[in-house]
Amino acid sequence: MKPLIAGNWKMHMTRSAARELATALVRSIPDPLEAADVALYPPFTCLSDVLGAVSDSEISVGAQNMHPQDQGAFTGEISPSMLLDVGATRVLCGHSERRQLFGESDDFVNQKVLAALGHDILPTLCVGETLAEREAGQTAAVVERQVRAGLAGVGADKTGEVTVAYEPVWAIGTGLTATPAQAGAVHAQIRALLQDLWAAAGETVRILYGGSVKPANARELLGVPHVNGALVGGASLSAPSFAGIIAATS
Ligand code: 13P
C-alpha cells in the first residue's frame, strides 16, 4: 500500500507564507512522487493559494474541518460544496483538537464523514485516546468507539475514499511519540475493526499515525505494520522537515 504523508498546518500561515511554504515543498520533493502520496491541509483562508502553488505537482489539498450541511444558518462554518468550489478534495474529520476544544461528538464527526463521501471529498477520520484514557487502560475501548461511530453507515464500496488517522492526544505537539510497539498495537486493532466492518475491503484502507512525527523518527514509525502513512503537524510547517518525512518513505 502506498503511504500517505499528510501535513496539517492547523491555525498557522498567512496567505503569502502559505504560498512560500507550498512552493518550497514542491521544489523539495521528488517529481514524480513515486514512494508516497502527499496531502496538505492548510487553513481555509489559504486553500486557494496552496492549490495554486501545488497545481503542477501531485500534492492534493484538503481542509482541516467542514460542516456536514450544504448551506444554512451556521455562522462561521464552511460547507462541503464550498470546499469543492475552492478546489479542495480532502477533509480531516474529528481531529482531537476539534473534539476536545470545540466539543465535537462522535455523531457529529460521523455526519461530516458521510457528508464528505456524499460529495466525493476524501475524509480522514481522526481518532485517539487522551493521556488519562491511556493511563486508565481505556485506549482500545476509546479507539473502537471512535472508529465504529465515526464510520457508521459507510459502505464497503466507499473504502477506497476513506482514511483513518490514529493520533494519541498525548503525543500531539508534545514531542512525545508513541513507541513502535504502542502504535503497532493500536494500528493492528484499527485494522481488525476495519476488517470487521468491511471484510477484505477493510484491508485496503490507509491508517495514518500522527503525533510528533519528525524526519528523525518517521522511518521507524512508517516501518510498523499497519502504519500506512503519517499525519504531521508541527514538522509540516517547514519544507525541509516535511520533505524529510516524505523521503523516509523511499
Ligand atoms: P504534531 O505533529 O505537531 O504533534 O501534530 C500532530 C497532529 O495533530 C496532526 O494532525
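As shown above, the structure is provided for reference.
Residues numbered from 1 in each chain as written. Predicted model: local features only at pLDDT ≥ 70, side-chain atom pairs only at ≥ 80, totals over all residues. Heavy atoms only, no water.

Re the nonpolar core
Side chains of nonpolar character tend, in soluble globular proteins, to be buried together. If you look at the biggest cluster of nonpolar residues, it comprises 65 residues, and the most contacted ones within it are Ile5, Leu25, Val50, Leu151, Ile190, Leu194 and Tyr209. With six residues, the single largest contributor to this core is helix H8 (residues 180–198). In this view, Leu194 contacts Val147, Leu151, Val164, Ala199, Gly202, Val205 and Ile207; residues no more than four positions away in its chain are not counted. Core analysis: the next-biggest nonpolar cluster, separate from the first, contains nine residues, Leu4, Ala39, Tyr41 and Leu208 among them. (Core = buried A, V, L, I, M, F, W, Y, C linked by side-chain atoms within 4.5 Å. Buried < 20%, exposed > 50% of the residue type's maximum accessible area, 1.4 Å probe, protein only. Helix = DSSP H or I, 4+ residues; strand = E, 2+ residues; numbered from the N terminus. Contact = heavy atoms within 4.5 Å.)

Describing the site of the ligand
Residues in close proximity to the ligand total 13 residues, the closest being Lys10, His95, Gly173, Ser212 and Gly234. In this structure, Asn8 approaches the ligand through a side-chain N or O atom, which is 3.0 Å from an oxygen atom. Taking Gly173, its main chain carries an N or O atom lying 2.6 Å from an oxygen atom of the ligand. For the ligand, whose free accessible area comes to 310 Å², the fraction covered by protein is 97%. A molecule is said to occupy a pocket when more than half its atoms come within 2 Å of that pocket's grid points, and by this definition the ligand occupies the second largest pocket. (Near = heavy atom within 4 Å. Polar contact = N/O pair within 3.5 Å; in protein donor to acceptor, adjacent residues only side chain to side chain. Areas by Shrake-Rupley, 256 points an atom, 1.4 Å probe, with all protein chains shown as cover. 1 Å grid on protein atoms, 1.4 Å probe; cavity = no way out; pocket = protein on both sides within 12 Å on 5 of 7 lines; lining within 4 Å. Sits in = over half its atoms within 2 Å of the grid points.)

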